[in-house]
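The primary structure of each chain is shown beneath.
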Amino acid sequence: MRVAVVGAGMAGLSAALDLREAGVDVVVLEGADRVGGKLALGDVGGVRVDLGAEAMLARRPEAVDLARRVGLGEDLTHPETVAAAVWTHGAIRPLPPTVMGVPSDLDALQRSGIVTQRPVGRRLDMPQQDVSVAEFLVPRVGQDVVDRLVEPLLGGVYAGHADRLSLEAAAAQVAALGADPLAAAARATDAPTRTDPVFAGIVGGVGRLPQAVVDAGGLDVRVGATVRSVARDADGWEVHHGPTTDVSTERVDAVVLATPAPATARLLGDVAPQAAFALAGVEYASMAIVTLLLDGPVPSEASGFLVPPVDGTTIKGATFSSVKWGWLAERLDGRSIVRASIGRAGQSTILLGSDESVVDLAVADLRAALGSLPGVVASHVQRWGGGLPQYEVGHTALVETVDRCVAGVPGLEVCGAAYRGIGIPAVIASGQEAALRTLQDAALGG
Ligand SMILES: Cc1cc2nc3c(=O)[nH]c(=O)nc-3n(C[C@H](O)[C@H](O)[C@H](O)COP(=O)(O)OP(=O)(O)OC[C@H]3O[C@@H](n4cnc5c(N)ncnc54)[C@H](O)[C@@H]3O)c2cc1C
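Residues numbered from 1 in each chain as written. Predicted model: local features only at pLDDT ≥ 70, side-chain atom pairs only at ≥ 80, totals over all residues. Heavy atoms only, no water.

This part takes up the pattern of salt bridges. Across all of its chains, the model carries 21 salt bridges by this definition. Between Glu54 and Lys324 there is a salt bridge, and its shortest N-O distance comes to 2.8 Å. Taken together, the residues span a long stretch of sequence, with Glu54 in the loop between strand 4 (47-50) and strand 5 (56-57) and Lys324 in helix 12 (residues 321-324) at a distance of 270 residues. Its relative accessible area of 13% is what places Glu54 among the buried residues. For Asp311, the salt bridge identified is with Arg148, shortest N-O distance 3.0 Å. A residue pair is termed long-range when its members are at least 10 positions apart, and Asp311 in the loop between strand 18 (304-306) and strand 19 (315-319) and Arg148 in helix 5 (residues 143-158) qualify at 163 residues. What makes Asp311 partly exposed here is its relative accessible area of 31%. Through salt bridges with shared partners, one network takes in Arg2, Asp25, Asp220, Arg222 and Glu250. (Salt bridge = Lys/Arg side-chain N within 4 Å of Asp/Glu carboxyl O. Helix = DSSP H or I, 4+ residues; strand = E, 2+ residues; numbered from the N terminus. Buried < 20%, exposed > 50% of the residue type's maximum accessible area, 1.4 Å probe, protein only.)

Where empty space is left becomes clear once a probe the size of a water molecule has been rolled over the atoms. Empty space within the second largest pocket amounts to approximately 340 Å³. Lining the second largest pocket are 19 residues; nearest its centre among them are Asp403, Val414, Arg420, Glu433 and Arg437. Secondary structure elements with two or more residues in the lining of the second largest pocket: helix 15 (395-407), strand 22 (412-414) and helix 16 (424-443). Ranked by residue count, the leading element in the lining of the second largest pocket is helix 16, at six residues. (1 Å grid on protein atoms, 1.4 Å probe; cavity = no way out; pocket = protein on both sides within 12 Å on 5 of 7 lines; lining within 4 Å. Points joined across faces, edges and corners; volume = space filled by probe spheres on them.)

Take the nonpolar core next. The biggest cluster of nonpolar side chains holds 41 residues, and the ones touching the most others in it are Met10, Met56, Leu209 and Val213. The leading source of residues in this core is helix 1 (residues 10-21), at seven residues. The residues touching Val213, leaving out its near neighbours within four places in the chain, are Met10, Leu13, Leu17, Leu66, Val70 and Leu219. In this structure, Val102, Leu109, Leu165 and Ile422 belong to the second largest nonpolar core, which totals 39 residues. (Core = buried A, V, L, I, M, F, W, Y, C linked by side-chain atoms within 4.5 Å. Contact = heavy atoms within 4.5 Å.)

By nearness alone, 34 residues border the ligand, and Glu30, Lys38, Ala55, Ile422 and Ile424 come closest of all. Interatomic distance of 2.9 Å between a backbone N/O atom of Ala11 and an oxygen atom of the ligand. Here Glu54 contributes a backbone N or O atom positioned 3.0 Å from an oxygen atom of the ligand. In the complex, the protein chains occlude 86% of the 1000 Å² of accessible area that the ligand would expose alone. Every element with two or more residues in the shell around the ligand is listed here: helix 1, strand 17 (284-294), strand 21 (376-389) and helix 16. Among the elements that line the shell around the ligand, the one with the most residues is strand 21, at three residues. By residue class, the composition of the shell around the ligand is 20 nonpolar, 11 polar and three charged. (Near = heavy atom within 4 Å. Polar contact = N/O pair within 3.5 Å; in protein donor to acceptor, adjacent residues only side chain to side chain. Areas by Shrake-Rupley, 256 points an atom, 1.4 Å probe, with all protein chains shown as cover. Nonpolar A, V, L, I, M, F, W, Y, C, P; charged D, E, K, R; others polar.)

This paragraph deals with helix 11 (residues 273-280). Within helix 11, the full set of buried residues consists of Ala275, Ala276, Ala278 and Leu279. Buried residues of helix 11, seen end-on, are gathered within an arc of 165° and therefore sit on one face of the element. Facing away from the buried surface of helix 11 by more than 90 degrees, the exposed residues are Gln274, Phe277 and Ala280. (Arc of directions from axis to C-beta.)

Two pairing modes exist for strands in a sheet, parallel and antiparallel, and in both the strands are linked by backbone hydrogen bonds. Spatial strand order, 13-14-15: three strands in an open sheet with antiparallel pairing. The open sheet terminates on both sides in strands that have one partner only, identified here as strand 13 (227-233) and strand 15 (248-252). For this sheet, the mean inter-axis angle between neighbouring strands, taken without regard to orientation, is 20°. Looking at chain direction, strand 14 (residues 236-241) and strand 15 are connected through five bridges and run antiparallel. Across the sheet, residue Trp237 finds its bridge partner in strand 15, namely Val252. (Pairing = 2+ DSSP bridges. Axes fitted to C-alpha atoms, helices over the stretch in contact; angles between N-to-C directions.)

On to the domain arrangement of the protein chain, then. The domain architecture assigned to the protein chain consists of domain 1 (2-38 + 206-282 + 392-443), domain 2 (85-190) and domain 3 (284-389). Placing a centre on the C-alpha atoms of domain 2 and another on those of domain 3 gives a separation of 24 Å. With both chains or domains summed, domain 2 and domain 3 bury close to 1600 Å², and 66% of this area falls on carbon and sulfur atoms. Looking only at domain 2, the three residues that lose the most surface to domain 3 are Trp87, Ile92 and Ala159, adding up to 41% of its buried area. Where domain 2 touches domain 3, the interface holds one salt bridge. Linking domain 2 with domain 3 are eight residue pairs in polar contact (both at pLDDT 80 or more). (Domains from an automatic or database assignment. Buried area = accessible area lost by both parts, 1.4 Å probe.)

For the rest of this paragraph, the subject is the packing of helix 1 against helix 9 (residues 209-217). Packed helix pairs are characterised by how far apart their axes lie and by the angle those axes make with each other. Remark: helix 1 packs on helix 9, axes separated minimally by 10 Å, with the N-to-C direction vectors making an angle of 15°. One element, helix 1, and the other, helix 9, form an angle in the roughly parallel class. Considering the relative orientation of helix 1 and helix 9, their crossing is left-handed. Contacts between helix 1 and helix 9 pair Met10, Leu13, Leu17 and Arg20 from the former with Leu209, Pro210, Val213, Val214 and Gly217 from the latter. (Parallel < 35°, antiparallel > 145°, perpendicular 65-115°, else oblique. Left-handed = near helix turned anticlockwise from the far one by under 90°.)

Here's what the structure looks like:
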């Protein structure tokens, strides 16, 4: 059997590795000139760092297991600190324990000064259908908690907004708290706490993972091979790729589309029009990561901070990478690396500015937040147009529609961040599931 995997992000590469290891002849077609998608390494002032994703949830097995499987086990590492903070009311304040922004220790919240009044919880019946995170939480925990805790956390994960994101699809932990989330979150802290690390990284950056997967699987990856269309006939599939002036055709028995929703929607137009229509409705947030090499230490012990959108700053958060990752600090000789992230869903105008202006705005915010900032030795702006899918209200139903339509087309699978989780372990899982379904389909003679 020969399979084409379209897209060499972590979802596509994971699917390709599993197919390859099952003895399938796989070709991976990637539009960009490199593998990895949202995982990317680059040089900032001669220091190699992650310019995209930089940490992997370790409490789901898929990412750390894959890293071990492709020979990076020895290089798995964990953050030196996970002490997070919120920059609000004129200071960087320690983030008290929360369940996705719902505070679980009201005394710690009050001490932090993040909200001005102690929140009062209300028990209200659970909604009968999907609602936005804000619609669920504002009446139950108050606007201030949503503005200054929930919004920054959702901004950190999805670059999205509480009044658009789906409770069911984007904040399942909050929905699981039930009718009185504040009381339930307080009970959650009484439960025995886990001591295993929440996050993992890779010495040298998580951006090493994609190439390690390619190498371990001996994968046949074609870069610069944008897939233009896919077509099904009685013998299988034709996949057309390459520059519009010089299109090549690949004949395969099955296709795995591991592309972001807009590209997948375009490719499915003829073969699964209802799925294409649904996917065309998935919005994406564009963002930029500004990485700074500074000539001294960052005056903070936190691993970074988040910013509530109500405070109107340019940056939505910052990671003090050399405080967070020991391997990076060791390479810096007293200097430091800071990443500021800019851009939320629906607010991309700021990203239209020059790199210089984006860096200036980030530096000004960091200086205001920290009081002072060591000198900037080098800077880098990585733009992530269409970086993060927004799981808006109704997303779960949308994904079910896509699944139903795609399942009706033999030899077709979709996977990636657009569906059931945007984090690295979730997209790896979705790639692995797509590979498994492809193999099962083939075994059934589909
Ligand atoms: C700035 C940023 C920081 C993040 N930080 C973290 C983090 O720290 N931890 C975490 O867990 N997650 C993080 N995420 C989220 C996570 O990295 C992504 O959701 C995940 O990597 C997406 O993987 P994917 O394979 O689904 O898609 P992608 O990585 O988007 O890969 C899709 C690939 O398809 C290719 N493609 C598109 N169209 C075509 C076509 N027509 N033909 C061929 N190829 C095509 C693209 O070029 C791309 O390489 C971050 C995301 C961003 C943007």
